[in-house]
Amino acid sequence: MPDIRPDALIFDVDGTLADTEEAHRTAFNLAFEQLDLGWTWTRTEYRSLLATTGGKERIVRHIAALDLADAERARLLARVPQIHAAKTRFYSAVVRDGAVPLRPGVARLLDEAQHAGCRLAIASTTTAINVDALLHATLGARALERFAVIACGDQVAAKKPAPDIYLLALEHLGVRADRTIAFEDSLNGLRAARAAGLWTVITPTFWTEDSDFSGAGLVLPHLGDPSARLPDESGTRLRHRAWLGFDELCRLAGQAHPTEAAL
Ligand code: XBP
Ligand code: MG
């Protein structure tokens, strides 16, 4: 099968570019404390809450589960934007200070893809503030210029697992889904990318690893690097390479689309 080069790679942010959810969880709890809400999300609770994409939507789900009088519930629901804005201030400050690194292999694959003339894009549920903070902290002052499209947060009403954010990214890129590859970490993200027609690489984290990723094109613990080599069984899937290189990615994606017309 000839290697057929994708026109673009679309990356999810939280859990894919960087393992950010512990920082999000900490930021939520700092905001709850600052606003005297008396809430604390444990790791176990947060892992369950992550089935709901979107921080505001997650807070709404938490309020819905509380035993409250209607008036109190309505009062809290009216405060969700304020609570989420406080959380975003805590989160973006920590990320901007460099507290959350990119996952193994992300910087390397971004470089390889761009060197091969492949465009890069983002499709994330988190806010633009958070995306900017992470990209600047991890890829430098000109990071945003490397991404042809950054689709994120409330640019779409229907968040993942709906395909909307990926369809928006594809539209703004002006590329076909079958010539584009998605990178995700979660089941919601996989469903969104697959519903948009994209062959998808999954790199789960602690927060998402228990999901059934059937339908993914490739599932790896991470993308790998010379300094963070993949365990052998992953290497087997990559013809015993210890990391996912751009050429190998093209080979595997090309196998998934046997016709020349597609990827
Ligand atoms: C993951 C999400 C986000 C983050 C929290 O986004 O669902 O809601 O958990 O960020 P991604 P916000 O699509 O990048 O995996 O509080 O800004 O929503
Ligand atoms: Mg994610």
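Residues numbered from 1 in each chain as written. Chains lettered and ligands numbered in written order. Predicted model: local features only at pLDDT ≥ 70, side-chain atom pairs only at ≥ 80, totals over all residues. Heavy atoms only, no water.

Description of the pattern of salt bridges
So, step 1. Here the structure, examined in full by the defined rule, presents 20 salt bridges.
So, step 2. When the shortest N-O distance is used, the salt bridge between Glu22 and Arg43 registers 3.1 Å. Residue Glu22 is located in helix H1 (residues 21-34), and its partner Arg43 is located in helix H2 (residues 43-49); the two are separated by 21 residues in the primary sequence.
So, step 3. Assessed through its relative accessible area of 38%, Arg43 is described here as partly exposed. (Salt bridge = Lys/Arg side-chain N within 4 Å of Asp/Glu carboxyl O. Helix = DSSP H or I, 4+ residues; strand = E, 2+ residues; numbered from the N terminus. Buried < 20%, exposed > 50% of the residue type's maximum accessible area, 1.4 Å probe, protein only.)

Here's the deal with the packing of aromatic side chains
So, step 1. Inspection of every chain in the model, using the stated rule, returns 9 aromatic pairs.
So, step 2. Seen from their ring centres, Phe32 and Trp41 are 4.9 Å apart, and the 80 degrees between their planes marks the pair as edge-to-face.
So, step 3. By the ring-pair criterion, three or more aromatic residues cluster together here, those being Phe28, Phe32, Trp39, Trp41, Tyr46, Phe206 and Trp207.
So, step 4. Over the ring of Tyr91 we find Lys87; its NZ or CZ atom is 5.0 Å from the centre of that ring. (Phe/Tyr/Trp six-rings, centres within 6.5 Å; stacked < 30°, edge-to-face > 60°. Lys NZ or Arg CZ within 6 Å of the ring centre and 35° of its normal.)

A short note on the site of ligand 1
So, step 1. Around ligand 1, a shell composed of 20 residues is seen, among which Gly55, His84, Lys87, Ser124 and Thr126 lie nearest.
So, step 2. A distance of 2.7 Å separates an oxygen atom of ligand 1 from a polar atom in the backbone of Gly55.
So, step 3. The contact in question runs from an oxygen atom of ligand 1 to an N or O atom on the side chain of Lys160, over 2.9 Å.
So, step 4. When contributions to the shell around ligand 1 are tallied by element, the ones reaching two or more residues are H1, helix H3 (55-64) and helix H5 (80-96).
So, step 5. Looking at the shell around ligand 1, the element that brings in the most residues is H1, giving 3 residues.
So, step 6. Counting the residues that make up the shell around ligand 1, at least three belong to each of domain 1 (8-20 + 102-256) and domain 2 (21-96). (Near = heavy atom within 4 Å. Polar contact = N/O pair within 3.5 Å; in protein donor to acceptor, adjacent residues only side chain to side chain. Domains from an automatic or database assignment.)

Considering the side chain of His222
So, step 1. Note that His222 resides in the loop between strand S6 (218-219) and helix H10 (232-237).
So, step 2. The exposure class assigned to His222 is buried, which follows from its relative accessible area of 15%.
So, step 3. Within the structure, His222 has its side chain in polar contact with the backbone nitrogen of Gly224 (distance 3.0 Å).
So, step 4. Apart from the residues lying within four places of it in its own chain, the contact partners of His222 are Arg103, Pro104, Thr203, Ala228, Arg229 and Leu230. (Contact = heavy atoms within 4.5 Å.)

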